[in-house]
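Structural characterization, general
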Amino acid sequence: MKAVARLAVAGVVLLAGCAGAVPLPDGDTAAFGTQICGGTGADPSAYLRTMPVLPGAAPRLSAAGSSLIGPMMSVWAQQYAGQHGTRVAYQPIGSGSGIAQTIAGTVALGATDTPMTSLERAKAGGRRLLALPVTLGGVVPAYHLAGIGAGLRFDADVLGAVFAGRIRRWDDPALRSLNPGLRLPARDIVVVHRADASGTTAVFTDYLTRGSPTWVSVLGAGNSSGKQVVWPTGLAGKGNDGVAGMLAQVDGAVGYLELAYVLGQHLPYGQVRNRTGDFIQPCPATMGRAAQGIDLAADLPTSLADSTERDAYPITGVTYLLLYADQHDRATAVALVNFLAWMLTTGQDLAPPLGYGPLTARLQRDTYAQLYQVTADGAPVAPTG
Amino acid sequence: MSLTLKDRTTRSMPEPAGSRQRHPADRLFQAAVHAAAWLPIAILGATVVFLLVQAWPALTHYGPFSSLGSIGWAPSRAITESTSPNPYGLLQFIYGSVLTALIAMAIAVPASIAVALYLTDVAPRVIRRPLAHLVDLLAAIPSVVYGFWAIFALAPTLRPLGEMLGRTLGAVPALGAVFAGPFYGYSYLTAGIVLAIMVLPIITAICREVFATTPVPRKEAALALGATRWEMLRMAVLPPARAGIIGACTLGLGRAVGETIAVTMVIGNNVTGINPSLLAPGATMPSVLANELTEATQPFHLESLFVVALWLLALALAVNVAGRLLVRRGHREPR
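This structure is a prediction, so every number in the text was calculated from the model and none was measured. For every chain, the first residue of the written sequence is number 1, and numbering continues from 1 along that sequence. Whichever chain is written first is A, and whichever ligand is written first is 1; the rest continue in order. Thresholds applied to this predicted model are a pLDDT of at least 70 for local features of residues and 80 or more for the giving and counting of side-chain atom pairs; totals over whole chains, interfaces and linings are not thresholded and use all residues. Just so you know, side-chain values use all the structure's heavy atoms and leave hydrogens and water out.

**Comments concerning the overall build of chain B**
In terms of helices and strands, chain B carries twelve helices and zero strands. Think of it this way: any DSSP run of H or I at least four residues long counts as a helix, any run of E at least two long counts as a strand, and we number them from the N terminus. When the helices and strands of chain B are listed from N to C terminus, the series reads α-α-α-α-α-α-α-α-α-α-α-α. Taken along its principal axes, the extent of the C-alpha atoms in chain B is 75 × 60 × 35 Å. Relative accessible area decides the class of each residue, using a 1.4 Å probe on protein chains only: under 20% of the type maximum gives buried, over 50% gives exposed, and in between gives partly exposed. Taken across its 335 residues, chain B has 43% of its residues classed as buried. Note on definitions: a residue-residue contact is assigned when non-hydrogen atoms from the two residues lie within 4.5 Å. Sequence-distant contacts, at least 24 apart, represent 72% of the contacts inside chain B between residues at least 6 apart. Total accessible area on chain B stands at roughly 17400 Å², and carbon and sulfur atoms take up 71% of it. Only four residue types enter the tally: Lys and Arg on the positive side, Asp and Glu on the negative side, with His and both chain ends excluded. Charge positions are represented by NZ for Lys, CZ for Arg, CG for Asp and CD for Glu. Computed over 24 positive and 15 negative side-chain charges, the separation of the two mean positions in chain B equals 10 Å. Using the Shrake-Rupley algorithm and a 1.4 Å probe, accessible areas are obtained, with residue cover drawn only from the displayed protein chains.

Here it is, written out as structure tokens:
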């Protein structure tokens, strides 16, 4: 599909020539200056790895939810089936549907990019749900601006003002002062956002709400963040690929996308100023920095925008897997624990190449310990150790 | 029921000689055809009932017609306790559906009639059939392909044109609002043009059939009276075909109002309000359904999407009934 889209873009460029489609520059890392993005940002040697592979696992698991981690889940499912035999069928239908289907019992495992609300927990009717962080996902400002490559600098209030429709031109003084060396064109900014409700939107708008007074004042306090907001301006596309498609087409467009999609589509993307005042390139290592010092004891925020760590990328979200703590079927419970234990150890190594951040050691240890709480009809599934 | 039916059939058609008792296979066939005839009606009825049941919580919570009285679709503003104002306003979707369909018809109807006339009366005989097949082939292209084409070819091509319209007509006092820029390629106009191309083969095919039924002596009479070819078409072919053309338009309009994917891909999906400019992004009733059905988690969100579906069905039925009435009037009028 992606290849087809690239081909089609190339075709249009060839056929239409001057019809407005411009070949996109690939994101070159040099544009970001000195960053810590060489590494993965994780310390796997500090991970907990105590869980043995439990016998008697079900051959199949059904899972559904967040489209943000769709690419990650498909790699995990594929690798896991090859190594351990249990097939995991993951449907990337959206975080909200993932929560709903897990609660309804349609799927054994759900995935969501936003922490569960008390309203959602209440729908489980008293049964306890475990929400386990499995990976970090970065939401990045991506754009299409002829003559401008990757690495454009943004801060929260400028991004907020752009997406609120208050900054309308690329050569606005606010953008120029953030990017002193660049000749920004005198062109309209075309905002592109999501048409569907989405965890990606929730992470992005949570970040804007925490950092941009302009954004909050335009949308109104209490209405400025969530999976859907009332966008004051712009075009909307369905899904990450819908937004990516519009960005590829419209010169002057800016949107927000999950990092894995940006890397896959070779769209130019920017860097974002964090709480320490530095401009940070989104990558697994900088996402990991944003999650430094965070543990499961407190309710995690939707975006880790308030991290005061150096090199922390602020528009970082946490993806959670959801399951009932008490399962009705022992084979399913065993398969779930085996799969989750694998994802939280071996699986973490597969995250950085796709543009996802592995968990910090602290978050991994907290999460891993929760696996011992899974029961089947009241009886513990894993040997307590 | 079965008795009256039998009576009627025996009256209208004598049974084959030598078989007073009807063959079981014959009875079976009749029952099957009978059931098949009722099937569409049952499906339509069941759909209406299903949509009503699903939409009921939203209809009772906000009031049955409140969605028609408000502009702007804002699921994130929905609060379980609040009943007014209705955050799920759908006037902008009705506007988008009607506007894109009208743009489509404005382009497709004259073009289709011209194509059909060319195919039946003007084109050299050898190319009529292959050309007609080619036009029919347009109807076989899946709508997602049209959407794809529109994004990658139509929208970039329209952009300079739209920008020019915005600069020139957009500055004219009254007309300006209709062509006000900026234009990004995703708009009511783009969606309307894609729809026009999609309904063109439908309207053309029916018009062609209708024009082909014009009796040859009638055409010859017109020509014999000294009519030019154009006058012949205008006097002998077009007037009796009026009802048929209206019927063709109705079918095309139905398709245009209901088309989902291609429109969703190019209309820009602005759900917050009505923009009078043809060059602005908007949304239609099917497009919001396609975008939001999978992830409708706000209070009364899913139920309100069913309200949209209900009104979409109502609009489609209204288009059909109106078309039928027009066809009937067209038949009655003296030629």
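That was the structure; now back to the text.
**Comments concerning the packing of helix α3 (residues 91–122) of chain B against helix α9 (residues 242–258) of chain B**
All names here are of chain B. As a packed pair, α3 and α9 sit with axes 10 Å apart at the nearest point and diverge in direction by 140°. By the angle class used here, α3 and α9 are oblique. Our pair here, α3 against α9, has a crossing hand that is right-handed. Between α3 and α9, the contacting residues are Ala101, Met105, Val109 and Ile113 on the first element and Ile245, Cys249, Gly252, Leu253, Ala256 and Val257 on the second. Gly is put with the polar residues, along with every residue not named as nonpolar or charged; the nonpolar set is Ala, Val, Leu, Ile, Met, Phe, Trp, Tyr, Cys and Pro, and the charged set is Asp, Glu, Lys and Arg. The residue makeup of the contact of α3 with α9, split by class, is nine nonpolar, one polar and no charged. Only the stretch in contact is used when a helix axis is fitted, and all axes are lines through C-alpha atoms; the angle between N-to-C directions ranges over 0 to 180 degrees. Roughly parallel means an angle under 35 degrees; roughly antiparallel, over 145; roughly perpendicular, 65 to 115; everything else is oblique. In a left-handed crossing the near helix is turned counterclockwise from the far helix by less than a right angle, and in a right-handed crossing that turn is clockwise.

**Re the sheet that holds strand β1 (residues 60–65) of chain A**
Residue and element names in this part refer to chain A. We treat two strands as partners when DSSP finds at least two bridges between them. Strand order in the open sheet made by the eight strands is β2-β1-β3-β11-β4-β8-β6-β7, with mixed pairing throughout. Where the open sheet ends on each side, the last strands, each with one partner, are β2 (87–91) and β7 (235–237). Averaged over all adjacent pairs, the angle separating strand axes in this sheet is 25°, with direction ignored. Summarising the sheet, β1 and β2 pair through five bridges and their orientation is parallel. Bridge pairing in β2 places Arg60 opposite Arg87.

**Regarding the interface of chain A and chain B**
With 35 residues of chain A at the interface, the matching set in chain B holds 25 residues. Accessible area that two parts lose when put together, with a 1.4 Å probe and added across both, is what the buried area reports. Note on chain A versus chain B: buried area summed over both sides is about 2500 Å², and carbon and sulfur give 56% of it. Contact with chain B buries area across many residues of chain A, yet A:Gln228, A:Val230 and A:Gln249 alone supply 21% of it, more than any other trio. The rule for a salt bridge is simple: a side-chain nitrogen of Lys or Arg has to be within 4 Å of a carboxyl oxygen of Asp or Glu. Run the count over chain A and chain B and you get zero salt bridges. Polar contact criterion, stated in full: a pair of N or O atoms within 3.5 Å, where within protein one must be able to donate a hydrogen and the other to accept it, and residues adjacent in sequence count only if both atoms are side-chain atoms. Inspection of the chain A/chain B interface yields ten residue pairs in polar contact (both at pLDDT 80 or more). Sorting the residues of the side of chain A that touches chain B by element identifies α1 (2–16), α3 (95–104), β7 and α9 (239–249) of chain A as the ones contributing at least two each. The element that contributes the greatest number of residues to the side of chain A that touches chain B is α1(A), accounting for five residues. Each residue belonging to the side of chain A that touches chain B can be placed in one class, and the counts come to 20 nonpolar, ten polar and five charged.

**Quick look at the sheet that holds strand β13 (residues 375–376) of chain A**
Residue and element names in this part refer to chain A. The three strands lie next to each other as β12-β13-β14, forming an open sheet whose pairing is mixed. The sheet is open, and its two edges are formed by β12 (326–327) and β14 (379–380), each paired on a single side. Across two bridges, the pairing between β12 and β13 is parallel. Each bridged residue has a counterpart across the sheet, and for Asp326 the counterpart in β13 is Thr375.

**Digging into empty space enclosed by the protein**
Residue and element names in this part refer to chain B. Using a 1 Å grid laid over the protein atoms alone, points where a 1.4 Å probe fits but cannot get out form a cavity; open sets with protein on both sides within 12 Å along at least 5 of 7 lines form a pocket; any residue with an atom within 4 Å of a point counts as lining. Grid points are joined across faces, edges and corners, and a volume is the space filled by probe spheres set on the points. This structure, assessed with the given rule, holds three cavities of 30 Å³ or more. Quantified by volume, the largest cavity comes out at close to 50 Å³. At the level of secondary structure, the elements contributing two or more residues to the lining of the largest cavity comprise α2 (24–62) and α12 (301–332). The element contributing the most residues to the lining of the largest cavity is α2, with three residues. Of the residues assigned to the lining of the largest cavity, the class counts are six nonpolar, five polar and no charged.

**Brief notes about the nonpolar core**
Here, nonpolar core refers to any group of buried Ala, Val, Leu, Ile, Met, Phe, Trp, Tyr and Cys residues whose side-chain atoms link them within 4.5 Å. By size, the foremost hydrophobic cluster in this structure holds 198 residues, and its most contacted members are A:Ile69, A:Phe163, A:Trp170, A:Ile315, A:Phe339, A:Met343 and B:Phe211. Top element by residues in this core is helix α6 (residues 188–212) of chain B. It accounts for 13 residues. Among all residues touching A:Phe339, those that are not within four sequence positions of it are A:Leu61, A:Met73, A:Trp76, A:Tyr80, A:Val88 and A:Leu109.

**So, the pattern of salt bridges**
Residues and elements named next belong to chain B. Throughout the structure, instances matching the rule amount to 16 salt bridges over all chains. The salt bridge partner of Lys219 is Asp121, with a shortest N-O separation of 2.6 Å. Here Asp121 lies in helix α3 and Lys219 lies in helix α7 (residues 216–224), a separation of 98 residues in the sequence. There is no split in this pair, since Lys219 and Asp121 are both buried.

**Regarding the state of the cysteines**
Residue and element names in this part refer to chain A. Cysteine sulfur atoms that pair up within 2.5 Å are treated as a disulfide. Tallied over the full model, the rule gives one disulfide over all chains. The partner cysteine of Cys37 in its disulfide is Cys283, sulfur to sulfur 2.1 Å. Measuring the twist about the S-S bond at about -85°, one finds the Cys37-Cys283 disulfide to be left-handed. Taken together, the positions of Cys37 in the loop between α1 and β1 and Cys283 in the loop between β10 (279–280) and α11 (284–290) put the pair 246 residues apart, joining distant regions of the chain.

In short, the description is geometric, and any link to function would need to be established separately.
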